[in-house]
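Structural features, examined
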Amino acid sequence: MNCLEYCDQIAAHVDGSLKGAELGAFEDHVKNCSECGRKFAWEARVKGLLRHGFRPLQPAPGLKERVLDALEPPRARRPGIWSFPTTALAAAAVFVMLMLPYVAWHFDSEGDIFSGVASQYHRVTAGVPDSIQSSASPARLLDLSPWGYQLLSRRADPVEGRAARVFVYQGEKNDYLVAKEFDGTAFPTLRRARRVTASDKDFFTYREKGVNMVAWKEKDFLCVIASSASQARLLALAKQIATRSS
Amino acid sequence: MSSVGSTVPGGRFLFLSLDRKKNLKSEFERVALPQLPHLYTAAAYFTRDSREAEDLVQDTYLRAFRFFHKFEPGTNCRAWLLSILRNLFINRYRRKKQEPDTVDWEKIDRSYANLIAEGRESVGSNPERELFSSALDQEVEGALRSLPEEFRMAVTLVDIEELTYEEAAKVMECPIGTVRSRVSRGRRLLQVALAEYARKRGVI
């Protein structure tokens, strides 16, 4: 080792962190090298001055008391604006706000399929005429004659910009059946409806205002039928229509 | 009849634990509060402003009290408090990102070499003794305050707060070798600065 390397060890030796052979080599060198010995002496003096011969700084009177006053036990501390209940409520509010569009979409989308159909059925059974023939009415319609249902009326009934048509049928026993078709095959999420799979096809049953409904997907449109008949009977009819259509 | 706490090790631990929580504040006052002058001295050299130093010390104690349950009894409480103080200083009190190291090391090394040479040529006298025995407190304070932050911090922690290199490295969050190097360079800067004061007073 040369003087430069020993000089790098001066601080370590002054601070007492040189050990063993490293310490022995350094002490031997300092004995024989007056330059390094002098540097060592100067640095030791500086350390001694700072550690022992130097008055520590004194804080202004009252700092200790201020510190003590500020040391309140955690449980006695006044809850801040972001205490746990406040934070939890704020988080819940943010969550609800974020979820609101989804929830609204969820119920609206379910309404797209089923809502309004039951009301339509009640109007029909109450004798309210629904025979408005629209020029926009489609040529496509469900042919339910094989099951004894004759078409009474049809009209366009778009829902939120989505083309849809409503058909009213009358059965052989003077019972009524309302059917609604929606353009497109994009099926909304139906969380409240019960899904029944038959013949590789999904059917969704739903009951509202005393009216049973069944929805399913045709080749290029969605279909809902509504009746006061039992759910099982309406589902069986829906399966037959779907099977025949396909 | 012996108590549950003395017969069941777990029970004893439970009692001690509950007792420790109950007396948290008094224990904190006993262990941490005597370090206040040391913390203030470090804060004053870190911030170089007495009012900021007092605020920094107060904030340090508040944070230390909040996390006192994390302090390991038997370890160096001063080093633990200085770690908190240093972090608060870095995050809250240091306005500039990092003071540039404006030290002209060539000039310092020349001055230092001259200082050593003067001592070598002074036959029969001891200039370093004269220098350091005559140094005024305010001169030492001024010299220490004038050091760039990294050297000022290292010298303060090791020489004034008496931390080991290992403890100072933890506080400064750097390797031990870096602490050693900063302390060495900081002391060299101090020697040159104090010699300047001594020359102005005609001591050397």
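To keep things clear, this report deals only with the structure shown in the data block. In this text, all values refer to a predicted model and were calculated from it rather than measured experimentally.

Counting secondary structure elements, chain B contains 12 helices and 0 strands. When the helices and strands of chain B are read in sequence order from the N terminus, they spell out α-α-α-α-α-α-α-α-α-α-α-α. Looking at the 204 residues of chain B, the share that counts as buried comes to 49%. In chain B, once contacts between residues fewer than 6 apart in sequence are set aside, the share between residues at least 24 apart is 72%. On chain B, roughly 10700 Å² of surface is accessible, and the fraction owed to carbon and sulfur atoms is 51%.

It is worth spelling out the overall build of chain A at this point. A count of helical and extended segments in chain A gives 8 helices and 7 strands. Sequence-distant contacts, at least 24 apart, represent 52% of the contacts inside chain A between residues at least 6 apart. On chain A, roughly 13800 Å² of surface is accessible, and the fraction owed to carbon and sulfur atoms is 56%.

So, on to the packing of helix 6 (residues 77–93) of chain B against helix 10 (residues 149–160) of chain B. Residues and elements named next belong to chain B. Where helix 6 meets helix 10, the closest approach of the two axes is 13 Å, and the angle between their N-to-C directions is 165°. One element, helix 6, and the other, helix 10, form an angle in the roughly antiparallel class. Classified by chirality, the crossing of helix 10 by helix 6 is right-handed. For the pair formed by helix 6 and helix 10, the contact residues are Leu82, Arg86, Phe89 and Ile90 on the first element and Glu149, Met153 and Leu157 on the second. Residue composition of the contact of helix 6 with helix 10, by class: 5 nonpolar, no polar and 2 charged.

The next subject is the nonpolar core. Judged by nonpolar contacts, the single largest core of 83 residues is most densely connected at B:Val57, B:Tyr61, B:Leu157 and B:Val179. If you tally residues by element for this core, the top one is helix 6 of chain B, at 10 residues. Sequence-distant contacts of B:Tyr61, defined by excluding residues within four places in its chain, comprise A:Val67, A:Leu71, B:Phe28, B:Ala32, B:Leu33, B:Gln35, B:Leu36, B:Leu39 and B:Leu81. A:Val124, A:Leu190, A:Phe204 and A:Val211 belong to the second-largest nonpolar core, a separate cluster that totals 22 residues.

Quite often, the size of an interface is put as the accessible area lost when its parts meet. Contact with chain B, which involves 46 residues of that partner, is made by 37 residues of chain A. Taking both partners together, chain B and chain A bury about 4100 Å²; carbon and sulfur atoms supply 65% of that area. At the boundary of chain B with chain A, the tally comes to 4 salt bridges. Residues B:Arg187 and A:Asp15 are paired through a salt bridge, measuring 2.6 Å at the closest nitrogen-oxygen approach. The tally of links between chain B and chain A comes to 8 residue pairs in polar contact (both at pLDDT 80 or more). Those elements that provide at least two residues to the side of chain B that touches chain A are helix 3 (24–31), helix 4 (36–47), helix 5 (50–66), helix 7 (105–121), helix 8 (127–134), helix 9 (137–145), helix 10 and helix 12 (176–200) of chain B.

Glancing now at the packing of aromatic side chains. Residue and element names in this part refer to chain B. Applying the stated rule across the entire model yields 13 aromatic pairs over all chains. An aromatic cluster is defined as three or more aromatic residues linked by ring pairs; in this entry it consists of Phe28, Tyr61, Phe65, Phe68, Phe71 and Trp80. Above the plane of the ring of Trp105 lies Arg185, whose end atom (NZ or CZ) is 4.3 Å from the centre.

It is worth spelling out the sheet that holds strand 2 (residues 164–170) of chain A at this point. Backbone hydrogen bonds hold the strands of a sheet together, and the pairing may be parallel or antiparallel. All names here are of chain A. Taken in spatial order, the 7 strands line up as 1-2-3-7-6-5-4 in an open sheet, and their pairing is antiparallel. The open sheet is flanked by strand 1 (150–156) and strand 4 (194–198), the only strands paired with a single partner. If you compare each strand with its neighbour and ignore which way they point, the axes differ by 20° on average. Of the strands in this sheet, strand 1, strand 2, strand 3 (176–183), strand 5 (201–208), strand 6 (211–217) and strand 7 (221–227) are in contact with helix 7 (residues 117–125), which crosses strand 3 at around 145°.

A few words on helix 3 (residues 20–32) of chain A. Residues and elements named next belong to chain A. Counted at 1.5 Å a residue, the expected span for helix 3 with its 13 residues is 18 Å, and the 19 Å between its end C-alpha atoms agrees. Along helix 3, the residues that are buried comprise Phe26, His29 and Val30. With its buried residues spanning 95° around the axis, helix 3 presents them on a single face. Helix 3 presents Gly20, Ala21, Lys31 and Asn32 as exposed residues on the side facing more than 90 degrees away from its buried surface.

Listing the buried residues of helix 7 of chain A in full gives A:Val117, A:Ala118, A:Gln120, A:Tyr121 and A:Val124. With its buried residues spanning 160° around the axis, helix 7 of chain A presents them on a single face.

Bringing the pattern of salt bridges into the picture now. As enumerated under the stated definition, the model contains 13 salt bridges over all chains in all. The residue B:Glu54 makes a salt bridge to A:Arg66 at a minimum N-O spacing of 2.9 Å. Of the two residues, B:Glu54 sits in helix 5 while A:Arg66 sits in helix 5 (residues 63–70), which places them in two different chains. A salt bridge links B:Glu150 to B:Arg182; its shortest N-O distance comes to 3.5 Å. Note that B:Glu150 is positioned in helix 10 and B:Arg182 in helix 12, a separation of 32 residues in sequence.

Cut-off values and rules
Residues numbered from 1 in each chain as written. Chains lettered and ligands numbered in written order. Predicted model: local features only at pLDDT ≥ 70, side-chain atom pairs only at ≥ 80, totals over all residues. Heavy atoms only, no water. Helix = DSSP H or I, 4+ residues; strand = E, 2+ residues; numbered from the N terminus. Buried < 20%, exposed > 50% of the residue type's maximum accessible area, 1.4 Å probe, protein only. Contact = heavy atoms within 4.5 Å. Areas by Shrake-Rupley, 256 points an atom, 1.4 Å probe, with all protein chains shown as cover. Axes fitted to C-alpha atoms, helices over the stretch in contact; angles between N-to-C directions. Parallel < 35°, antiparallel > 145°, perpendicular 65-115°, else oblique. Left-handed = near helix turned anticlockwise from the far one by under 90°. Nonpolar A, V, L, I, M, F, W, Y, C, P; charged D, E, K, R; others polar. Core = buried A, V, L, I, M, F, W, Y, C linked by side-chain atoms within 4.5 Å. Buried area = accessible area lost by both parts, 1.4 Å probe. Salt bridge = Lys/Arg side-chain N within 4 Å of Asp/Glu carboxyl O. Polar contact = N/O pair within 3.5 Å; in protein donor to acceptor, adjacent residues only side chain to side chain. Phe/Tyr/Trp six-rings, centres within 6.5 Å; stacked < 30°, edge-to-face > 60°. Lys NZ or Arg CZ within 6 Å of the ring centre and 35° of its normal. Pairing = 2+ DSSP bridges. Expected span 1.5 Å × (residues − 1). Arc of directions from axis to C-beta.

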